[in-house]
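# Close look at the chain arrangement
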Amino acid sequence: MLIALLLAAITYSSPVNFPISLAGNFGEPRPNHFHGGIDIRTELAVGKPIFSVADGYVERLTVGMYGFGNAVYVRHPNGTTSVYCHLKSFAPYLNRLVGNRLQLSKQYADPIDVHLRPGEYPVAQGQLIAVSGNTGSSVAPHLHLEIHDTKTWAMKDPLDFLKQYLKDTTPPEAHAFKVYPQPGEGVFCGSAQNQIFGFPQGDLFTSPDASGALRKVELQRDFTAWGRVGFAVWADDYMEDTYHHYGVRRTELTVDGETVFYSDVDNIPMEHNRMVNSWGDYDHWRRNHTWYMKSFTDPGNRLRILHTDDNRGIVCFNEERDYRLVYILTDIYGNRSDYVFTVRGQRQSIPQRPSVPNKGKVLHWNQVNHYQLPGMHLTVRPQLLADDVMLQPSVTESREGLSRAYSFCPTSCPLFNWAQLSLRVSRPIAEPQRLCILCNGQNIGGTYRDGWVTAPIRELGAVYEVGIAPHVVNHFE
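Residues numbered from 1 in each chain as written. Predicted model: local features only at pLDDT ≥ 70, side-chain atom pairs only at ≥ 80, totals over all residues. Heavy atoms only, no water.

This paragraph deals with the sheet that holds strand 29 (residues 376-380). The strand order across the open sheet formed by five strands is 28-29-33-37-36, and the pairing between neighbours is antiparallel. A strand with exactly one partner marks an edge of an open sheet, and here the two such strands are strand 28 (369-373) and strand 36 (447-449). Strand-to-strand twist in this sheet, taken as the mean axis angle between neighbours without regard to direction, amounts to 25 degrees. Alignment of strand 29 against strand 33 (residues 414-424), held across four bridges, turns out to be antiparallel. Bridge pairing in strand 33 links Leu-378 to Leu-421. (Pairing = 2+ DSSP bridges. Helix = DSSP H or I, 4+ residues; strand = E, 2+ residues; numbered from the N terminus. Axes fitted to C-alpha atoms, helices over the stretch in contact; angles between N-to-C directions.)

What follows is the structure, given as structure tokens:
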């Protein structure tokens, strides 16, 4: 009972002493990852005081890790950990602690990772822990704040804890939707090709129960379909007094009032981060830098923030009648936009699925895959792919001359997690322990054994070859 009371007593406050304005929100889709926190603008300046959002203790200090620059991790007694990134420096005692640790370890190069004992540096809600900066992978001064489940390290939306410190009466806005007739199974507007249709602007009004602003848009256009069709939407959220756009917290697609898909972007496991490439249309993003987020799931996509009906969200138009589709977009404040369009089920012939030339081995998303070429062995475990992939391998001469150079797909094809690649060394060198695998010319490490170099990879469209890692200089030898 006492533990429950202590957990219930935890409250959160703003990490800054000025009005919060966001440059980025939680869960925005990005290539290979979701944005894992909120970006708080610091008025294009460094040196702003940063405060702990809740009671707890400093658990960790890092420098140069994960692109965070200088970062402070504060563990809270209710099972969450807050992380403050891109800092200029830490509070004085923490700065001294990092300096002392560096002297003891004689470590001068990044990354630096200092772990504190529980209770070594307790902090109260609102206590100064750092000053803001522009360190790490930051293009302008700001505070990147993350909140994680301490036990699972799942990423949580900081606005679930801090939304009272921001004002938002602007609903999300959809720009267009995209249709995906399933190959050999569906057509849309007489075509089996993917197509895009724009949404017009809609009227904005205030909800009578003051639960948030509402927008409603109804397309006055005739659409027809037959068979199985998937849908996707390009949408952004907005807040007043800023030009930034944000990811949408909740998206729902209904057909005749029944939900076939909804997403709620919160509590995302770190190991599912790269599945954003499957939820979003990654190929479209790569060409146009806009994200169409699919309202259906690929077979291998296990993102638990996505929920579908038994058809994986794919709509089946199998009756000659009107189907009423509604996209419902909602932000964390309850601001909502409804986009309505009608699709007429119209019986028509469906082209056969185009035959694909057998250019290489098919990797199956739900089984262990082994693929070999002379001098190369690739192993892809189950559930690393969104769907089956047919490889189109390329083997060329290596720039380094230590192996052949291999690529497996003509364009980018990211995996959800690590596969294993082994390349045979074509000639002996004096220091085989320095051999590594290069990915598009960049050293990704590797282990040498019996004439082979093995390393983990997460991209099938890159070019891989054996290289030599540079000498590591130890100034203390």
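There is more to say after this.
Turning our eyes to something else, we now look at the pattern of salt bridges. If you walk through the whole model with that rule in mind, you get 22 salt bridges. For Glu-59, the salt bridge goes to Arg-75, with nearest N and O atoms at 3.3 Å. Of this pair, Glu-59 sits in strand 6 (residues 56-63) while Arg-75 sits in strand 7 (residues 70-75), and the two are 16 residues apart along the sequence. Arg-75 sits in the partly exposed class, given a relative accessible area of 33%. The partner of Arg-434 in a salt bridge is Glu-431, with the nearest N and O atoms 3.1 Å apart. Residue classification places Glu-431 among the partly exposed positions, given a relative accessible area of 28%. Look at the salt bridges and you will find they share partners, linking Asp-157, Asp-160, Arg-249, Asp-264 and Asp-266 into a network. (Salt bridge = Lys/Arg side-chain N within 4 Å of Asp/Glu carboxyl O. Buried < 20%, exposed > 50% of the residue type's maximum accessible area, 1.4 Å probe, protein only.)

Moving residue by residue along a regular strand, the side chains alternate between the two faces of the sheet. Burial of strand 29 is extensive: four of the five residues sit out of reach of the surface. In sequence, strand 28 turns back onto strand 29 through a hairpin of two residues, with Gly-375 there showing a positive phi of about 80 degrees.

Now for the nonpolar core. Counting 86 residues, the largest nonpolar core has Leu-61, Val-72, Tyr-84, Phe-177, Phe-231 and Phe-341 as its most contacted members. No other element matches strand 18 (residues 223-238), which puts six residues into this core. Ignoring any residue separated from it by four or fewer positions in sequence, one finds Phe-341 in contact with Phe-177, Phe-199, Leu-219, Phe-223, Phe-231, Tyr-323, Arg-324, Leu-325 and Tyr-327. (Core = buried A, V, L, I, M, F, W, Y, C linked by side-chain atoms within 4.5 Å. Contact = heavy atoms within 4.5 Å.)

For the rest of this paragraph, the subject is the layout of surface pockets. When its volume is computed, the largest pocket comes out at roughly 1800 Å³. Every residue lining the largest pocket is counted, 49 residues in all, and those nearest its centre are Asp-283, Asp-298, Arg-353, Asp-387 and Asp-388. Residue assignment for the lining of the largest pocket shows that the elements contributing at least two residues are strand 14 (173-188), helix 4 (276-279), helix 5 (282-288), strand 30 (389-390) and strand 33. The greatest single-element share of the lining of the largest pocket, amounting to six residues, is contributed by strand 14. Class assignment for the residues of the lining of the largest pocket results in 24 nonpolar, 13 polar and 12 charged. Quantified by volume, the second largest pocket comes out at close to 950 Å³. As for the second largest pocket, its lining consists of 36 residues, of which His-35, Asp-39, His-86, His-142 and His-144 are closest to the centre. Of all the secondary structure elements, the ones that give two or more residues to the lining of the second largest pocket are strand 3 (33-34), strand 4 (38-41), strand 8 (80-90) and strand 12 (142-149). Residue composition of the lining of the second largest pocket, by class: 16 nonpolar, 14 polar and six charged. (1 Å grid on protein atoms, 1.4 Å probe; cavity = no way out; pocket = protein on both sides within 12 Å on 5 of 7 lines; lining within 4 Å. Points joined across faces, edges and corners; volume = space filled by probe spheres on them. Nonpolar A, V, L, I, M, F, W, Y, C, P; charged D, E, K, R; others polar.)

Okay, unusual backbone geometry next. The phi dihedral of Asp-256 is positive, around 55 degrees, even though this residue is not glycine. Positive phi outside glycine occurs at Asp-450, with the angle close to 50 degrees. Note that Asp-450 resides in the loop between strand 36 and strand 37 (452-459). With relative accessibility at 67%, the residue Asp-450 sits in the exposed group.

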